[in-house]
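Descriptive analysis of the structure
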Amino acid sequence: MQVSENVLLKSYNTFGIDAQARYFAAFSSVAALQELTAQQRAQQLPLMILGGGSNILFTQDFNGWLLKNEIKGISIVKEDNDYVYVKAGAGENWHQFVQHCIGLNLAGLENLSLIPGNVGASPMQNIGAYGVEIKDVFHELEALHLADNKVVTFNNADCHFGYRESVFKKEYRQQFAILSVTYRLSKQPHFNTSYGAINEELQRMNVSDLSIQAISQAVINIRSSKLPDPAKIGNAGSFFKNPTINKAQYTALHEAYPQLVAYPVADEQFKLAAGWLIEQCGWKGYRKGDAGVHAKQALVLVNYGHARGREIYDLSQEILDSVEEKFGVALEREVNIC
Ligand code: EPU
């Protein structure tokens, strides 16, 4: 197992930030991970597990052990009348995994096509798009408890999934390395076309026979049209979460801004489109040096080439402050800041 020192991370994070890690190694088995963490513990330096690097912003060099999860493998572990349970190594590319399942005619992940990153990160932040979150189809995961080197199984309830949240982002932050994830996929599809843009795209595509393949293609088309391809322009998807406000706040804001983009969620709460708030503050398409706000989706911050993590972070702070000042709404960052 090769451990490298002072490794440039530009190609390991989709923001394309030029930070360095003091030690870097990739692992493709739990045994290899255990060996690496033993070395890391002996040195008493911090540990970070990296997946596809698609939800992280490095604002400084990492003076510790950065271990990249490359555990591979996709297999069917169980099947009943309605469902097939498909297990994937955490280091599998998410979109390839989704396409693999669609190829097997198994439904449930098609709305989540083309999301950058790896399988291991999917439960971490309960990835979601176009009306579906992974918690809807998640069965269980295996993770290594780093403190005692034991492999633990988490079921759906154990993960405490919320909007872009799980136990692994909160109370168990940095305590587990996710090794594999098992999804419960349907033999009979229940199409989810509740998100307006999907229906519009399906019509544009002239789809008459709805299928998981068609939904996947619609999602791919929508994402490609408004989200920047990280292979071309550095980014980590939505930089902020869509904020939730209560009814009184919503009523007051809606009165002041009749165009406000919002939708009701549980308990008389409303979710606001953060992209709209940011656009209204004049940020859409903004660029300062190589740090910017995507011209087609204001929720996405971009690196046009050589932006430093700090510059992207400072820009996010300016955006946060201006939204707070104009609308009295506090945005929360979705991307992990290191
Ligand atoms: N909007 C604007 N201006 C903008 C962007 C958005 O006015 O610059 C308004 C539009 O009215 C639009 C609405 O906001 O109809 C919603 O925009 P969009 O459909 O692009 O979705 P989003 O709420 O901005 C969320 C997720 C995305 C996910 C899409 C589709 C979060 C933080 N982001 O974005 O997830 O792909 O919905 O489901 O919840 C990600 O997490 O990285 C991500 C890309």
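Residues numbered from 1 in each chain as written. Predicted model: local features only at pLDDT ≥ 70, side-chain atom pairs only at ≥ 80, totals over all residues. Heavy atoms only, no water.

Describing the site of the ligand
With respect to spatial proximity, 23 residues lie near the ligand, and among them Tyr130, Tyr163, Tyr195, Glu279 and Gln297 are the closest. Residue Lys226 places a side-chain N or O atom 3.1 Å away from an oxygen atom belonging to the ligand. Considered on its own, the ligand offers 810 Å² of accessible surface; in the complex 82% of this is hidden by protein. Secondary structure elements with two or more residues in the shell around the ligand: β8 (128-129), α5 (212-226), β13 (234-238) and α7 (274-280). With 3 residues, the top contributor of residues to the shell around the ligand is α7. Grouping the amino acids of the shell around the ligand by side-chain chemistry returns 10 nonpolar, 6 polar and 7 charged. (Near = heavy atom within 4 Å. Polar contact = N/O pair within 3.5 Å; in protein donor to acceptor, adjacent residues only side chain to side chain. Areas by Shrake-Rupley, 256 points an atom, 1.4 Å probe, with all protein chains shown as cover. Helix = DSSP H or I, 4+ residues; strand = E, 2+ residues; numbered from the N terminus. Nonpolar A, V, L, I, M, F, W, Y, C, P; charged D, E, K, R; others polar.)

Topic: the pairing of strand β6 (residues 74-79)
Where β6 and strand β7 (residues 83-89) come together, 5 bridges link them in antiparallel fashion. Among the inter-strand pairings, Glu79 is bridged to a residue of β7, identified as Val84. Here β6 folds back onto β7, and the loop between the two strands holds 3 residues. (Pairing = 2+ DSSP bridges.)

Quick look at the sheet that holds strand β12 (residues 176-186)
Taken in spatial order, the 5 strands of this open sheet run β6-β7-β12-β10-β11, and their pairing is antiparallel. At either end of the open sheet lies a strand with only one pairing partner, and these are β6 and β11 (150-155). Direction aside, the axes of adjacent strands within the sheet are offset by 20° on average. Bridge analysis of strand β10 (residues 138-145) against β11 gives 6 bridges, and the strand direction is antiparallel. Bridging from a neighbouring strand, Leu144 pairs with Val151 of β11. (Axes fitted to C-alpha atoms, helices over the stretch in contact; angles between N-to-C directions.)

Section: the packing of aromatic side chains
For the structure shown, the criterion picks out 19 aromatic pairs. For the ring pair Phe168 and Phe176, a centre distance of 6.1 Å and an interplane angle of 80° mean the geometry is edge-to-face. Assigned by exposure class, Phe168 and Phe176 land together as buried. With a centroid separation of 5.8 Å and 50° between ring planes, the pair formed by Trp276 and Phe327 is classed as tilted. Here Trp276, found in helix α7, pairs with Phe327, found in helix α8 (residues 309-327); they are 51 residues apart in sequence, far enough to count as distant. (Phe/Tyr/Trp six-rings, centres within 6.5 Å; stacked < 30°, edge-to-face > 60°. Buried < 20%, exposed > 50% of the residue type's maximum accessible area, 1.4 Å probe, protein only.)

Some details on the pattern of salt bridges
Counted under the stated rule, the structure contains 15 salt bridges. Glu79 is the partner of Lys187 in a salt bridge, and the nearest nitrogen-oxygen pair spans 2.9 Å. Of this pair, Lys187 sits in the loop between β12 and α4 (196-204) while Glu79 sits in strand β6, and the two are 108 residues apart along the sequence. Of the residues examined, Glu79 reaches a relative accessible area of 52% and is grouped as exposed. Between Asp314 and Arg310 there is a salt bridge, and its shortest N-O distance comes to 3.5 Å. Residue Asp314 and its partner Arg310 are both found in helix α8; the two are separated by 4 residues, about one turn of the helix. (Salt bridge = Lys/Arg side-chain N within 4 Å of Asp/Glu carboxyl O.)

Overview of the nonpolar core
If you look at the biggest cluster of nonpolar residues, it comprises 45 residues, and the most contacted ones within it are Leu66, Leu277, Ile278, Ile312 and Ile319. Considering every element that reaches this core, the biggest residue donor is α8, with 7 residues. Among the domains, domain 1 (4-69) and domain 3 (234-337) are the pair contributing at least three residues each to this core. With residues up to four places along the chain from it excluded, the contact list for Leu277 reads Pro243, Leu260, Leu272, Val323, Phe327, Val329 and Leu331. (Core = buried A, V, L, I, M, F, W, Y, C linked by side-chain atoms within 4.5 Å. Domains from an automatic or database assignment. Contact = heavy atoms within 4.5 Å.)

What to know about the pairing of β7
Counting buried residues in β7 gives 5 out of 7 residues, a clear majority hidden from the surface. The sheet contact formed by β7 and β12 spans 7 bridges and is antiparallel. Along β12, the bridge assignment pairs Gly89 with Ser180.

Some points on the domain arrangement of the protein chain
By domain assignment, the protein chain separates into domain 1 (4-69), domain 2 (74-186) and domain 3 (234-337). Every contact between the two is made by 11 residues of domain 1 and, on the other side, 19 residues of domain 3. Taking both sides of the interface into account, the surface hidden between domain 1 and domain 3 amounts to around 1,100 Å²; carbon and sulfur atoms contribute 53%. By the criterion of area lost to domain 3, the three top residues of domain 1 are Phe15, Asn55 and Leu57, representing 56% of everything that side buries. Here domain 1 and domain 3 share 0 salt bridges between them. At the boundary of domain 1 with domain 3, the tally comes to 6 residue pairs in polar contact (both at pLDDT 80 or more). A breakdown of the residues in the side of domain 1 that touches domain 3 according to their chemical character gives 5 nonpolar, 5 polar and 1 charged. (Buried area = accessible area lost by both parts, 1.4 Å probe.)

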